[in-house]
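Here is how the chains run, residue by residue.
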Amino acid sequence: IIERRRKVGTRVSSTASRRTTLEMPVIRDEVEAMGATYSYLLTHCDERTPSEAAMRALQVDAGERLILARSQYLANGEPHCCEAIWLNPKLLPRIDRDAFEDLPVHEWLASQVPLTHSRYAILAEGATGRCAENLGVPVNTPVLTIERTNWIDATPVSFARQFYRPQHRLVSEQ
């Protein structure tokens, strides 16, 4: 196998490298695969200045106006996941809030934007405020948190934080 690395050059690998690709399921598919009835609710959507994390992930200045959409996903009427997604409207097709009433933001992105890659971070943190309320857990309950930044080539266009109830399992197969 030939490896080409910028500023280092081209070389022949001594052993084939193993890479793990994490495929994140669409939440609708995840819920339905559990045999549960899926439902989605857009709980909030407006334009505002970014949080520190969104500012870093989307590489924008503090005064930049971004769109924040918050959603809740249910399985058989019970909380399954909630998310907050920051979108950079300067880099995306015209965004109509009504489009997110029936179609989750990630599904809209996949159908409207030629995303080239994503970066994921998986962590546990205590649920706060709206997140705790939407998941139906007490404040500071540790929840699985998945951060995802979607890119078009070298430009980040969205930053999402998904929060799952305790005991949620993330499974990846190779």
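Criteria and cut-off values
- Residues numbered from 1 in each chain as written.
- Predicted model: local features only at pLDDT ≥ 70, side-chain atom pairs only at ≥ 80, totals over all residues.
- Heavy atoms only, no water.
- Core = buried A, V, L, I, M, F, W, Y, C linked by side-chain atoms within 4.5 Å.
- Buried < 20%, exposed > 50% of the residue type's maximum accessible area, 1.4 Å probe, protein only.
- Helix = DSSP H or I, 4+ residues; strand = E, 2+ residues; numbered from the N terminus.
- Contact = heavy atoms within 4.5 Å.
- Pairing = 2+ DSSP bridges.
- Axes fitted to C-alpha atoms, helices over the stretch in contact; angles between N-to-C directions.
- Salt bridge = Lys/Arg side-chain N within 4 Å of Asp/Glu carboxyl O.

## Examining the nonpolar core
Logical step 1: Counting residues in hydrophobic clusters, the biggest one holds 26 residues, and the most contacted among them are Leu87, Leu92, Ile95, Phe100, Val105, Trp108 and Leu109.
Logical step 2: Looking at this core, the elements that each hand over two or more residues are helix H1 (27-33), strand S3 (38-48), strand S4 (66-75), strand S5 (78-87), helix H4 (105-112), strand S7 (142-152) and strand S8 (155-164).
Logical step 3: In this structure Phe100 touches Tyr40, Leu42, Cys45, Leu87, Ile95, Val105 and Trp108, once residues within four positions along its chain are discounted.
Logical step 4: One finds Leu68, Ala84, Trp86 and Phe159 within the second-largest nonpolar core, a separate group that totals 10 residues.

## A word on the sheet that holds S5
Logical step 1: If you walk across this open sheet you meet the six strands as S3-S4-S5-S8-S7-S6, and the pairing is antiparallel. Both edges of this open sheet fall to S3 and strand S6 (117-126), since each of them pairs with a single strand only. On average, adjacent strands in this sheet sit at an angle of 15° to one another, irrespective of strand direction.
Logical step 2: Of the strand pairs in this sheet, S6 and S7 are connected by 10 bridges, and their pairing is antiparallel. Bridging from a neighbouring strand, Gly126 pairs with Pro142 of S7.
Logical step 3: Contacting S3, S4, S5, S7 and S8, H4 runs over the sheet at an angle of about 50° to S5.

## What about the pattern of salt bridges?
Logical step 1: The tally for this structure, following the rule as stated, stands at seven salt bridges.
Logical step 2: Here Glu101 and Arg97 are joined by a salt bridge, their closest N and O atoms 2.3 Å apart.
Logical step 3: Among the residues examined, Glu101 registers a relative accessible area of 34% and is labelled partly exposed.
Logical step 4: When the shortest N-O distance is used, the salt bridge between Arg161 and Glu147 registers 2.9 Å. Separated by 14 residues along the polypeptide, Arg161 in strand S8 and Glu147 in strand S7 bring together distant segments of the chain. Grouping residues by exposure puts Arg161 and Glu147 together as buried.
Logical step 5: Put simply, Glu125, Glu147 and Arg161 are held in one network by salt bridges that share partners.

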